[in-house]
Amino acid sequence: MSNIIVIGAGVVGLSSALALQARGFNVTVLDREGPAAGASAGNAGAFAFTDILPLASPGLLKKAPKWMLDPLGPLTVPPAYALKIAPWMYRFWRACSPTQVAASTSAQTALMDLSKAELEPFLSASGTVNMLRRNGNLQVYESQREFDDSKPGWDAREAHGIDFRHMTADEMAELQPGLSPRFTHGTFTPCWYSIDDPKLYVLALAERFRAGGGTIERLNVSTLRPLDGGVEVEGRRTDHVIIAAGAFSHRLAAHVGDTIPLETERGYNTTLPPGAFDLRMQVTFGGHGFVVTNLSTGIRVGGAVELGGLSRPPNFQRSKAMLDKAAAFLPGLKTEGGTQWMGFRPSLPDSLPAIGRSRATPRVIHAFGHGHLGLTQSAGTARLVADLVTGSTPAIDLTPFSPQRF
């Protein structure tokens, strides 16, 4: 039986570990903090299968200058970090060309379709299907102009067969009571799923993995090198290594000669106690860059993008700014007793993850860089990792996701 080490105990790492375990491999997971300690702990809990449009797009370029003037707005780069991130931002700008956006949308759609198809079988196999919710997502707009600006994105989704319904203010009020009348238009996507609580879900995956004979060790991996017929990780030999360490993955990839321009979208949120609002589905305030989600553990208000790296201290004024807006947008929201959080989303400039073999050795496989979509694409990525390890033809074309594309 081949031995495999998965580096990373977030949702992508543990999903991959379970998929490999199901194919008969002896799997060990290594993580610097343990299961569900990073972005997998505090995300919005959504399986956003309709979110096929890349973050890098002409539409974002139009909004970015205004957003970046506000240090607490939906998108910001701390001035002290601007020079360091400039090469990444240049790649991001190039990825906003219409040709690249079309290619990224097509690739993202393929991965979304696979991930959606794999999700329920994966949940059933891991004993977590009872945590799945099918409440949909309501995207809201404050004006006819904002709604009209969104239509090209919905046209692209319609072309890919995604179901949605545009709504008037009265229709939104019936679907989700309590919205501020400032929101005049909306779009409901019924096939937007969610999970009871993302941290509890990942912890449940960890328990299922251990119950199947897997081992999870707390270890900060800092050395990784190819061997003839294997890989050495912190002095131990293994047959294959999967790098799924989220925002820290590019540091490990560099050990095997892969230079991957991964940056960190620092996401913020506040989780309010259960019952803080009668929230019937996830509501997305796209013009303000955040969402409000109903979890089993409370109401989570979070989102936005702060491109600030791994070492800067959190700026929880960003969490407060979103909560203040949520209180205005959802009159009646009880904002007391919340818990603030900040996490690192691993993002690549073209909004596609790196999924594929290392340049140095086929025994190292990269599976990281999903940005906002790690939970969404976890089951699909796990299937692809298992295909690569076993030598099976991958379920989708992995060329757009190649770690060597940069």
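Residues numbered from 1 in each chain as written. Predicted model: local features only at pLDDT ≥ 70, side-chain atom pairs only at ≥ 80, totals over all residues. Heavy atoms only, no water.

Enquirer: Would you take a moment to explain the overall build of the protein chain for this structure?
Expert: Scanning the protein chain from terminus to terminus reveals 11 helices and 21 strands. In terms of overall dimensions, the protein chain is globule-like: its C-alpha atoms have a radius of gyration of 20 Å, near the 22 Å expected for 406 residues. Here the C-alpha coordinates of the protein chain stretch approximately 65 × 45 × 40 Å along the principal axes. Classification of the 406 residues of the protein chain by burial places 55% in the buried group. Sequence separation of at least 24 residues holds for 76% of the intrachain contacts in the protein chain that already meet a minimum separation of 6. Carbon and sulfur atoms make up 53% of the accessible area of the protein chain, which amounts to about 16500 Å² in all. In the protein chain, which carries 38 positive and 35 negative side-chain charges, the distance between the mean positions of the two groups comes to 4 Å. (Helix = DSSP H or I, 4+ residues; strand = E, 2+ residues; numbered from the N terminus. Rg over C-alpha atoms; globule rule 2.2 N^0.38 Å. Buried < 20%, exposed > 50% of the residue type's maximum accessible area, 1.4 Å probe, protein only. Contact = heavy atoms within 4.5 Å. Areas by Shrake-Rupley, 256 points an atom, 1.4 Å probe, with all protein chains shown as cover. Lys, Arg positive; Asp, Glu negative; His and termini not counted. Charge placed at Lys NZ, Arg CZ, Asp CG, Glu CD.)

Enquirer: Would you explain the packing of helix α5 (residues 98–126) against helix α8 (residues 198–211) in this entry?
Expert: The description of two helices packed together rests on the angle between their axes and the distance between the axes. Put simply, α5 and α8 touch, their axes get as near as 10 Å, and they point 60° apart. In terms of their interaxial angle, α5 and α8 are classed as oblique. The residues of α8 that touch α5, namely those facing Phe-122, Leu-123, Ala-125 and Ser-126, are Tyr-201, Leu-205 and Arg-208. By residue class, the composition of the contact of α5 with α8 is five nonpolar, one polar and one charged. (Axes fitted to C-alpha atoms, helices over the stretch in contact; angles between N-to-C directions. Parallel < 35°, antiparallel > 145°, perpendicular 65-115°, else oblique. Nonpolar A, V, L, I, M, F, W, Y, C, P; charged D, E, K, R; others polar.)

Enquirer: I would appreciate a short explanation of the environment of Glu-336 in the present structure.
Expert: The residue Glu-336 is located in the loop between α10 (317–329) and β19 (339–347) in this model. Residues Glu-336 and Phe-49 lie 287 residues apart in sequence; the distance between their C-alpha atoms is 32 Å. Apart from the residues within four sequence positions on either side, Glu-336 is in contact with Leu-272 and Pro-273.

Enquirer: Is there a simple way to think about unusual backbone geometry in this case?
Expert: If a residue is not glycine, its phi is most likely negative; likewise, a peptide bond is most likely trans. Although it is not a glycine, Glu-234 adopts a positive phi angle of roughly 50°. As for its position among the elements, Glu-234 is in the loop between β12 (230–233) and β13 (236–238). For Glu-234, a relative accessible area of 30% corresponds to the partly exposed category. Even without glycine at this site, Ser-351 takes up a positive phi of about 70°.

This is a description of form; function is not addressed.
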